[in-house]
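Chains, contacts and geometry: an overview
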There are 2 protein chains.
Amino acid sequence: MKIEAVDFFYLAMPQITTEADGSQDALLVRVAGGGHVGWGECEASPLVSIAAFVCPMSHGVCRPVGAAVLGETLDGPADIARITARVAYDSMDLLQAPHTFSGVEMALWDLLGKKTSEPVWRLLGYRRSFSKQAYASQLFGDTSQQTFERAQSARAAGFSAVKFGWGPIGRTDRQADREQFQAAREGLGREATLLVDVGQIWKDDVEAAAARLSDLEAADALWLEEPFSAGALSAYAALAKRSPKVKLAGGEAAHNVAMAEHLMLYGGVGFIQIDSGRIGGIAPSKKVADYAVARGITFVNHTFTSHLALSASLQAYAGLENHRLCEFPFAPKPLAYEMTADHFSADGSGEVTAPDRPGLGIEIDVPKLRPYLQKVEITVNDQILYQTPDLVT
Amino acid sequence: MKIEAVDFFYLAMPQITTEADGSQDALLVRVAGGGHVGWGECEASPLVSIAAFVCPMSHGVCRPVGAAVLGETLDGPADIARITARVAYDSMDLLQAPHTFSGVEMALWDLLGKKTSEPVWRLLGYRRSFSKQAYASQLFGDTSQQTFERAQSARAAGFSAVKFGWGPIGRTDRQADREQFQAAREGLGREATLLVDVGQIWKDDVEAAAARLSDLEAADALWLEEPFSAGALSAYAALAKRSPKVKLAGGEAAHNVAMAEHLMLYGGVGFIQIDSGRIGGIAPSKKVADYAVARGITFVNHTFTSHLALSASLQAYAGLENHRLCEFPFAPKPLAYEMTADHFSADGSGEVTAPDRPGLGIEIDVPKLRPYLQKVEITVNDQILYQTPDLVT
């Protein structure tokens, strides 16, 4: 089939706050071809990612992402690989391109799966989709009491693994951080898995991070996520050496396979966390999973938005039985939840499984999108390069 | 002083071709404060970089670049460092941010230099600006005869070092590439320095690159530039080990200091090439230069556009006497040349020196910009986020 149309929908909550909650807006991608429709989702900055799809060419290796996709043939995984290679080369100097293409690539897999009546994980070569242990992913409370309560409600909702992220950690002192870690553990009880995410707060300051290790150990945290800037490989490596018990986790910022490989090869992480909405889509995520398997590192998805994004991120490691943990957005904004008609249920057992349904197996709830839809127009020399398209085809 | 205004001007040639010539468009940045004006230039994709300055916030660490700059205080280098750190953290999830901020950061240095009547290199801590050996940077011809002629004209124009890049290299076979290298050497004569840039053509294929090493040695090439994708560190390292004579060069794609450091630390390059219009501006370029000095690696600018960008890229290593080579755009499009009223002359001696004048020392030729100016408008929910501003303040 031919890729006939690629449409972007910028969705946003009425109010956007400065909390580190990526579910406050979304960029949905709809790809149409051969009478089918596929959906994908780009992580972060919808307006900029739209611009990278429609912008005028700057030169031969700074072409808009759209130039590599529209009108192309899509009959099998090799076509997606060909389009991906073209984006990587022809948009080499367009920094935003991988974020834009991530949602497009997901939608291409969804479309291909719907056309062939196969789930994406099977198109990727997996024979089975294994269930994962969903971990409830949420932010630290402003106070340790709030964190304690959030831990309790995640447990009450059936989760046996819970992650707390960002918030006040690293912003005051070690004592305050210790109280937060302790409150999280107390709220969870001794049995549940505790994960801690500090959102790059220490940039490349190994000592600041190392000072918290004993407190993280005392709280029996399985991992410490993103202690440093995404590219601070030496800092990662130095801290990893000093932390035999609490493993390091990172990788969500990877916008290509090489970045994720470097974090494993040079940074010494024990868990590699990939957001298919940033790294260029599902196939690059699968490449990272293969690399992790080969090195004895555990692959984990990074997902803080919709269940469409969750399904997309699950595909890459659906067939890896021993890579068990799965980030599950526990308290997303209504937009991120309402966007899809289908949802993963993680009540009770806390288990989620990439669906055994064609494509990504998640239907979009189109009428529910309308209140969140942002009306965007981009013109260059009075020519309209982008205008929010109709939701109904 | 307060940063009162930041204005972006998208300039483009009437026709944009698919050749790898980055001088076909430009994104000029004008920053105003305290009665002064500073100028900078972002490399690549003007529309997308504008969008990254004005886009609505997605969440706390995906804020528009503008939010970290407008209304801020600028009284010394520490203020630029503070604004830079804020962009790095608050726009962490906005991939295009470093490209956008690069031009802004240059303009901040230019503004600060004009206010304090100091050249930027002195504000960076250098006591002298040493002259550099300009190398004429141009594309390979489609035929080896064209390459031969281009080599001769660069020599006739007074250059003692010449780089050929991209074009047909790696697209046919080894024999064709050898003829190109030979033609370049013959056109230059035995005395001149020959540099070869292959524009990432072999992605991560070490053998394909290694097969050309003996031909590059025979042509006495000083370096082989960008044999692989920017992040293919293992491929760089493997090739570097096999090429004691022809050193590897790379780094132009670095959009943060860490990427450049990795290419030196893990990739084994002998020359690190930094584009201040991509890496986040002048101060990050200087950090890379410091790191290169410490490791015995040679720093080189990457510049293929205007003489404003050339001055900006020179500042970072102006004071390093032994880092002698300087990329000089030999055949830029008229837009890139006409943009500035001041030009570096590299006739005769082929030497260029970062100017001993306030700021970047390059005046913009405002009336000459007008024919190239693109009229852009970006609206979200009928609110105009960007509209091409007036050239005359």
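Please read these numbers as outputs of a predicted model, since none were measured by experiment.

Right, let's get into the environment of B:Thr143. Here B:Thr143 lies in the loop between strand 4 (132-139) and helix 5 (144-156). Between the C-alpha atom of B:Thr143 and that of B:Gly167, which follows or precedes it by 24 residues, the distance is 9.2 Å.

Right, let's get into the interface of chain B and chain A. Taken together, the 48 residues of chain B in the interface contact 49 residues of chain A. Of all the secondary structure elements, the ones that give two or more residues to the side of chain B that touches chain A are helix 1 (46-54), helix 3 (97-116), helix 10 (257-265) and strand 13 (376-380) of chain B. In terms of residue count, the dominant contributor to the side of chain B that touches chain A is strand 13 of chain B (five residues). Classifying every residue of the side of chain B that touches chain A gives 24 nonpolar, 17 polar and seven charged. Looking at chain direction, strand 13 (residues 376-380) of chain A and strand 13 of chain B are connected through five bridges and run antiparallel. Opposite A:Ile378, over in strand 13 of chain B, you have B:Ile378 as the bridge partner.

On to the sheet that holds strand 2 (residues 25-33) of chain A, then. Residue and element names in this part refer to chain A. Spatial ordering of the open sheet is given by 1-2-3, a layout of three strands whose pairing is antiparallel. Lying at the two open borders of the sheet, with one neighbouring strand each, are strand 1 (5-12) and strand 3 (36-42). Averaged over all pairs of adjacent strands, the angle between strand axes in this sheet comes to 20 degrees, irrespective of strand direction. Its contacts with the sheet put helix 1 (residues 46-54) on strand 1, strand 2 and strand 3, and the angle it makes with strand 1 is roughly 165 degrees.

Attention now moves to the confidence of the model for chain A. Predicted coordinates in areas of low pLDDT are best not read in detail. The share of residues in chain A with pLDDT of 70 or more is 99%, and the mean pLDDT across the chain is 96. Across the interfaces of the predicted complex, the ipTM metric reaches 0.96, alongside a pTM of 0.97.

The next point concerns the domain arrangement of chain A. Residue and element names in this part refer to chain A. Along its sequence, chain A is carved into domain 1 (5-119 + 367-387) and domain 2 (123-352). Each of domain 1 and domain 2 has a C-alpha centre, and the two are 26 Å apart. Elements with a contribution of two residues or more to the side of domain 1 that touches domain 2: strand 3, helix 2 (77-90), helix 3 (97-116) and helix 14 (366-369). When residues in the side of domain 1 that touches domain 2 are grouped by element, the largest group, 10 residues, is from helix 3. Classifying every residue of the side of domain 1 that touches domain 2 gives 18 nonpolar, nine polar and seven charged.

All names here are of chain A. Following the sequence through the fold, Ser91 ends up in the loop between helix 2 and helix 3. Residues Ser91 and Ser131, spaced 40 residues apart in sequence, show a C-alpha to C-alpha distance of 37 Å. Aside from chain neighbours lying at most four places away, what touches Ser91 is Cys62, Arg63, Val65, Ala68 and Ala97.

Ranked by size, the top nonpolar core spans 277 residues in total, and within it A:Ala51, A:Val162, A:Ile272, B:Ala51, B:Val162 and B:Ile272 carry the most contacts. Setting aside residues up to four positions removed in sequence, A:Val162 forms contacts with A:Tyr135, A:Ala136, A:Ala151, A:Ala154, A:Leu188, A:Ala192 and A:Leu194.

An α-helical segment advances 3.6 residues per turn. Residues three or four places apart therefore align on the same side. All names here are of chain A. Relative to the 20 Å expected for 14 residues at 1.5 Å per residue, helix 2 spans 20 Å between its end C-alpha atoms, a close match to the ideal helical length. Residues Ile80, Ile83, Thr84, Val87, Ala88 and Asp90 constitute the buried set of helix 2. Considering only its buried residues, helix 2 is in contact with helix 3 and helix 11 (282-295).

Let's shift gears to the sheet that holds strand 13 of chain B. As summarised here, the arrangement of the four strands in space is 14(A)-13(A)-13(B)-14(B), forming an open sheet in which the pairing is antiparallel. The sheet terminates laterally at strand 14 (383-387) of chain A together with strand 14 (383-387) of chain B, the two strands that pair on one side only. Going across the sheet, the axis of each strand differs from the next one's by a mean of 20 degrees, ignoring polarity. Along the sheet face, helix 1 of chain A touches strand 13 and strand 14 of chain A together with strand 13 of chain B and points at about 40 degrees away from the line of strand 13 of chain A. Across the sheet, helix 1 of chain B touches strand 13 of chain A together with strand 13 and strand 14 of chain B, and the angle it forms with strand 13 of chain B is around 40 degrees.

Here we come to helix 9 (residues 233-242) of chain A. Of all the residues in helix 9 of chain A, the buried ones are A:Leu233, A:Ala235, A:Tyr236 and A:Leu239. Relative to the axis of helix 9 of chain A, the buried residues are bounded by an arc of 160 degrees and lie together on one face. Turned more than 90 degrees off the buried face of helix 9 of chain A, the exposed positions are A:Lys241 and A:Arg242. Looking at the buried residues of helix 9 of chain A, the elements they touch are helix 7 (206-210), strand 8 (247-250) and helix 10 (257-265) of chain A together with helix 10 of chain B.

Before going further, it helps to examine the relation of the copies chain B and chain A. The transformation that overlays chain B on chain A combines an axial shift of 0.0 Å with a rotation of 180 degrees, and the residual RMSD is 0.0 Å. Both copies of the chain, as the preceding transformation shows, are related through a two-fold rotation axis. Both copies contact each other with a shared surface, as 100% of the interface residues of chain B are interface residues in chain A too.

A few words now on the packing of helix 10 of chain B against helix 11 (residues 282-295) of chain B. Residues and elements named next belong to chain B. One can describe the packing of helix 10 onto helix 11 by two numbers: an axis separation of 9 Å at closest approach and a directional angle of 20 degrees. Taken together, the axes of helix 10 and helix 11 lie roughly parallel to each other. As helix 10 packs across helix 11, the resulting crossing turns out to be right-handed. On helix 11, the residues that touch Val257, Ala260, Glu261 and Met264 of helix 10 are Pro284, Lys287, Val288, Tyr291, Ala292 and Arg295. Of the residues contributing to the contact of helix 10 with helix 11, the split by class is seven nonpolar, no polar and three charged.

As a further point, take the environment of B:Phe344. Residue and element names in this part refer to chain B. Inspection of the secondary structure puts Phe344 in the loop between helix 13 (334-338) and strand 12 (351-352). Separated by 276 residues in the primary sequence, Phe344 and Ala68 place their C-alpha atoms 33 Å from one another. Beyond its immediate chain neighbours, meaning those up to four positions away, Phe344 contacts His307, Leu310 and Val352.

Residues and elements named next belong to chain A. Backbone geometry at Gln200 places phi at a positive 65 degrees, although glycine is not the residue there. Although it is not a glycine, Asp382 adopts a positive phi angle of roughly 65 degrees. Taking the number of C-beta atoms within 10 Å as the measure of exposure, Asp382 has 7 and is therefore exposed.

All names here are of chain A. Among the eight residues of strand 4 (residues 132-139), seven are classified as buried, and the element is accordingly described as predominantly covered. Relative to strand 12 (residues 351-352), strand 4 is paired through two bridges, and the arrangement is antiparallel. If you follow Lys132 over to strand 12, its bridge partner there is Val352. Here strand 4 pairs with strand 11 (residues 325-329) via five bridges, running parallel. In the strand pairing of strand 11, Tyr135 is matched with Glu327. Direction of pairing for strand 4 relative to strand 5 (residues 161-165): parallel, over a ladder of four bridges.

Conventions and cut-offs
- Residues numbered from 1 in each chain as written.
- Chains lettered and ligands numbered in written order.
- Predicted model: local features only at pLDDT ≥ 70, side-chain atom pairs only at ≥ 80, totals over all residues.
- Helix = DSSP H or I, 4+ residues; strand = E, 2+ residues; numbered from the N terminus.
- Contact = placed C-beta atoms within 7 Å.
- Nonpolar A, V, L, I, M, F, W, Y, C, P; charged D, E, K, R; others polar.
- Pairing = 2+ DSSP bridges.
- Axes fitted to C-alpha atoms, helices over the stretch in contact; angles between N-to-C directions.
- pLDDT = per-residue confidence, 0-100.
- Domains from an automatic or database assignment.
- Core = buried A, V, L, I, M, F, W, Y, C linked by C-beta atoms within 7 Å.
- Buried ≥ 20, exposed ≤ 12 C-beta atoms within 10 Å, placed from the backbone.
- Expected span 1.5 Å × (residues − 1).
- Arc of directions from axis to C-beta.
- Least-squares fit on C-alpha atoms with pLDDT ≥ 70 in both.
- Parallel < 35°, antiparallel > 145°, perpendicular 65-115°, else oblique.
- Left-handed = near helix turned anticlockwise from the far one by under 90°.

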